[in-house]
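Here is how the chains run, residue by residue.
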Amino acid sequence: MIGDWLDIGWVNEIPVRGSRTVTVDGAGEIAVFRTGDDNVFALRNRCPHKGGPLSQGIVHGHSVACPLHNWNIALATGEAQGEDKGCTPTIPVKVDGGRVLICRTGTLQAAA
C-alpha cells in the first residue's frame, strides 16, 4: 500500500477491453477495467439492476454490458445508460509507472 492507494498490479496484466477483480477488506469485490484506448476504471463489481458481476461483462468504448441483462454501465460514472436507471459506485483509480492503484478510502466509501 502506498498512502491511501492500494497497488493491485501491472496495467498490462488486465486484458485490453477486459477486467480483473480485486477483493478489498471491508469493501468487497472491485472490478477494474481496461478499455481499448488504455484507460483504466474501477467500479464495485455489482450491476445496479440485479447485482450481476460487471467484471464478466463485455467492455465496449467506455462502457460495460452487464452479463445478466445487458444493461450498459458507463465506466467513468457508474450510471446506467439509455432508458435504464441506476448507478454502481465508482472507485478512484490511477496508473503510476505502469502500476494500477485504487483509492482505499474511495473503495470503502463505495461499499458503504
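Everything that follows concerns the structure shown earlier in this document.
None of these values were measured; they are calculated from a predicted model.

Student: Please provide a residue-by-residue account of the pairing of strand S9 (residues 93–96), values included.
Tutor: The sheet contact formed by S9 and strand S10 (residues 99–103) spans 4 bridges and is antiparallel. Bridge pairing in S10 places Lys94 opposite Leu101. Here S9 folds back onto S10 in antiparallel fashion, the turn holding 2 residues, of which Gly97 has a positive phi close to 65°.

Student: Quick one: what's the story with unusual backbone geometry, residue by residue and with numbers?
Tutor: In this structure, Arg17 is a non-glycine residue whose phi angle is positive, near 60°. Take Arg17: it is sitting in the loop between strand S1 (5–10) and strand S2 (18–24). Using a relative accessible area of 53% as the deciding quantity, one classes Arg17 as exposed. Despite not being glycine, Asp38 shows a phi value in the positive range, around 70°. Note that Asp38 resides in the loop between strand S3 (28–34) and strand S4 (40–44).

Student: How would you explain the pairing of S2 if you had to name every residue and give the values?
Tutor: Pairing geometry for S2 and S3, over 7 bridges, is antiparallel. Among the inter-strand pairings, Gly18 is bridged to a residue of S3, identified as Arg34. Linking S2 to S3, which pair antiparallel, is a turn of 3 residues; within it Gly26 sits at a positive phi near 85°.

Student: Which residues make up the sheet that holds S2, and what are the values?
Tutor: In spatial order, the strands read S2-S3-S4-S8; together these 4 strands make up an open sheet with antiparallel pairing. Two strands lie at the open edges of the sheet, namely S2 and strand S8 (90–91), each paired on one side alone. Judged from the 5 bridges that link them, S3 and S4 form a sheet pairing that is antiparallel. The partner of Ala31 across the bridge, within S4, is Leu43.

Reading the values: rules and limits
Residues numbered from 1 in each chain as written. Predicted model: local features only at pLDDT ≥ 70, side-chain atom pairs only at ≥ 80, totals over all residues. Heavy atoms only, no water. Pairing = 2+ DSSP bridges. Helix = DSSP H or I, 4+ residues; strand = E, 2+ residues; numbered from the N terminus. Buried < 20%, exposed > 50% of the residue type's maximum accessible area, 1.4 Å probe, protein only.

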